[in-house]
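Read off the chains here:
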Amino acid sequence: MAPILDFTRISWHSYWWDNDPPLRQDHDNLPTEADIVIIGGGFTGLAAALVLARAGKSVVIIEKSTAGYGASTRNGGITSASIRPSHAELTHKFGGDFADALYLEASTARQDLQDFCKDEGIDAEFRLSGWFKGAMSPGDYDTLARQAEHLNRLNIPCHMVSRADQHSEIASDKFHGGMVEQDIGGYNPGAFFAGFLRVVRDAGVQIFDETAAHDIQSDGAGGKLITTNRGSMRGGVVIVATNAYTGGREHRFSRFLRRRIIPIRSSIIVTQNLGTARVKELMPALRMYSTTAKLTTYFRPTPDGKRILFGARALEANPSHKTARFLYHRLLDILPQLQDTLQDTQIDYCWNGFVGYHRQKIPAIYSHDGVHYASGYAGSGTVWARWCGKKLAEHILGGDNAPSILIRQPPKALPLYNGTPWFLPLVYGWYGLQDRINQRRRH
Ligand SMILES: Cc1cc2nc3c(=O)[nH]c(=O)nc-3n(C[C@H](O)[C@H](O)[C@H](O)COP(=O)(O)OP(=O)(O)OC[C@H]3O[C@@H](n4cnc5c(N)ncnc54)[C@H](O)[C@@H]3O)c2cc1C
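None of these values were measured; they are calculated from a predicted model.

1. What about the overall build of the chain?
Part 1: Along its length, the chain carries 10 helices and 18 strands.
Part 2: Taking 2.2 N^0.38 as the reference for a compact globule, 443 residues should give roughly 22 Å; the C-alpha atoms of the chain span a radius of gyration of 22 Å, in line with that estimate.
Part 3: In terms of overall dimensions, the chain has a C-alpha envelope of 65 × 50 × 45 Å along the principal axes.
Part 4: Looking at the chain as a whole, 48% of its 443 residues are labelled buried.

2. Topic: the nonpolar core
Part 1: Core analysis: the largest hydrophobic core is formed by 120 residues, its most contacted members being Val37, Ile38, Ala48, Ala49, Val59, Ile239 and Ile269.
Part 2: Residue contributions to this core peak at nine residues, all from helix α1 (residues 43-54).
Part 3: Leaving out residues up to four positions away in the same chain, Ala49 has contacts with Ile38, Val59, Ile61, Val200 and Val205.

3. What to know about the site of the ligand
Part 1: With respect to spatial proximity, 45 residues lie near the ligand, and among them Gly42, Gly70, Gly76, Gly353 and Gly381 are the closest.
Part 2: When residues of the shell around the ligand are traced back to their parent elements, those giving at least two are α1, β12 (262-271), β16 (347-357) and α9 (381-397).
Part 3: In terms of residue class, the shell around the ligand is made up of 18 nonpolar, 24 polar and three charged.

4. Considerations on the environment of Arg110
Part 1: Structurally, Arg110 is set in helix α3 (residues 96-120).
Part 2: Through-space distance from the C-alpha of Arg110 to that of Arg198 is 21 Å; in sequence the pair is 88 residues apart.

5. Describing the pairing of strand β17 (residues 364-368)
Part 1: Here β17 runs beside strand β18 (residues 371-375); their pairing, made up of five bridges, is antiparallel. From the neighbouring strand, Ala364 faces β18, where its bridge partner is Ser375.
Part 2: Hairpin geometry of β17 and β18 is characterised by an intervening segment of two residues between the two adjacent antiparallel strands and by a positive phi of about 55° at Asp369.

6. Digging into the sheet that holds β16
Part 1: Here we have eight strands laid out as an open sheet, ordered β5-β6-β4-β13-β14-β15-β12-β16, and mixed in their pairing. Among the strands making up the open sheet, the edge pair consists of β5 (158-161) and β16. For this sheet, the mean angle separating the axes of adjacent strands, direction not counted, is 20°.
Part 2: Where β5 meets strand β6 (residues 178-181), four bridges bridge the pair, whose relative direction is antiparallel. Note on β6: the bridge partner recorded for Cys158 is Glu181.
Part 3: The strands that helix α4 (residues 138-153) touches are β4 (131-134), β5 and β6; relative to β5, the one it contacts most, it runs at about 160°.

Each value, and the rule that gives it
- Residues numbered from 1 in each chain as written.
- Predicted model: local features only at pLDDT ≥ 70, side-chain atom pairs only at ≥ 80, totals over all residues.
- Helix = DSSP H or I, 4+ residues; strand = E, 2+ residues; numbered from the N terminus.
- Rg over C-alpha atoms; globule rule 2.2 N^0.38 Å.
- Buried ≥ 20, exposed ≤ 12 C-beta atoms within 10 Å, placed from the backbone.
- Core = buried A, V, L, I, M, F, W, Y, C linked by C-beta atoms within 7 Å.
- Contact = placed C-beta atoms within 7 Å.
- Near = placed C-beta within 6 Å.
- Nonpolar A, V, L, I, M, F, W, Y, C, P; charged D, E, K, R; others polar.
- Pairing = 2+ DSSP bridges.
- Axes fitted to C-alpha atoms, helices over the stretch in contact; angles between N-to-C directions.

Next up, the structure:
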């Protein structure tokens, strides 16, 4: 029988906002100038701001909406620093040294996030749970096993779980075994953002909400003039940290980034309170979870262990009954036990956000025409965005003795693309077909 969802109980906003909503900042007048102007108040912007402010620079963040309103408080909180291309794919495209360096940097960035929370006294409800990636076919299991060999060679701790043993990870028969990466965990992104914001403001950074940058021009004296809806200001250095929320043609400055970043809608649902015992029954290892499907899904227990959070691509601009139903069916596909014959598990939250991809599906830190950028975390920015913002700031200051491998030439623009990803339905159709064929494979 089809599950019956009670849509009236659903809150159509981020689960994390109940306790930590994005808060209005309180500065009135935009200053006329600052050493550093950062456009975008998410993890990337905050991370760059903190390093630069602590180096003695005057730093202003201008934010179109409210700091944190973008992806940074809408995400699933899986702190994976995942790299979309496998080690083998990266080796094929860029060489083994680059692949090794990038995977090692991801591991360093994950540890850096934990250290940061500890050092700054941010209680983000972080738990080093490990991350189980379920294989959708026997062939995917073999590919994961080869990936595990590469990671173990780099001393990144991970292990394979056979199909026979996978019930110790997840009460599902959907997978052909999987891989566990042990140095990956999860946190509460709302709590993390709130703590991060406090630290950044304590460092003297000024944050201006409801201030949209429109244009960036040279000021003729080595700096930039930034035009906003609340007047103009000069910045010695400008950082664009708008990532997947870069927006449209109304912001002239964004033309360069718009042609390089693909905003992809992602949706999340959170179940009703199931209780810790029931969640543990369904997810015995209480890890973070995802799959090898091309149309990937991700799921996890909420930090209190009482609910299940489940994410996948979004169907529509705004979350709706259709979105909630779509995600719910995908969750049931993995955990059919949730559809109890007496009472179906209900959904309490459903929301959308954008994740940003570059063509090569790896993050990048770069400069163009005297403006600095960090973007394209491919749905894994809880670690990467903070790390890339920090590395970009260190690069601007000079003298960074551990520069990031992600500092490179700007990502390539996509042909016939100006910020509206018209091709996504085709890509989804193709990925869906590949997934269906893959799941029928016996080997
Ligand atoms: C539904 C969802 C689930 C996700 N799940 C995970 C996960 O489990 N794990 C993980 O690692 N990552 C996840 N991510 C990705 C992660 O949240 C992002 O990569 C990360 O938050 C990006 O941070 P950011 O600071 O670069 O961008 P954002 O947080 O999006 O900040 C960009 C800011 O720029 C502002 N802006 C845009 N244009 C202008 C302008 N013209 N002037 C001024 N300001 C402007 C926007 O308002 C926005 O606040 C998820 C994302 C979504 C949407």
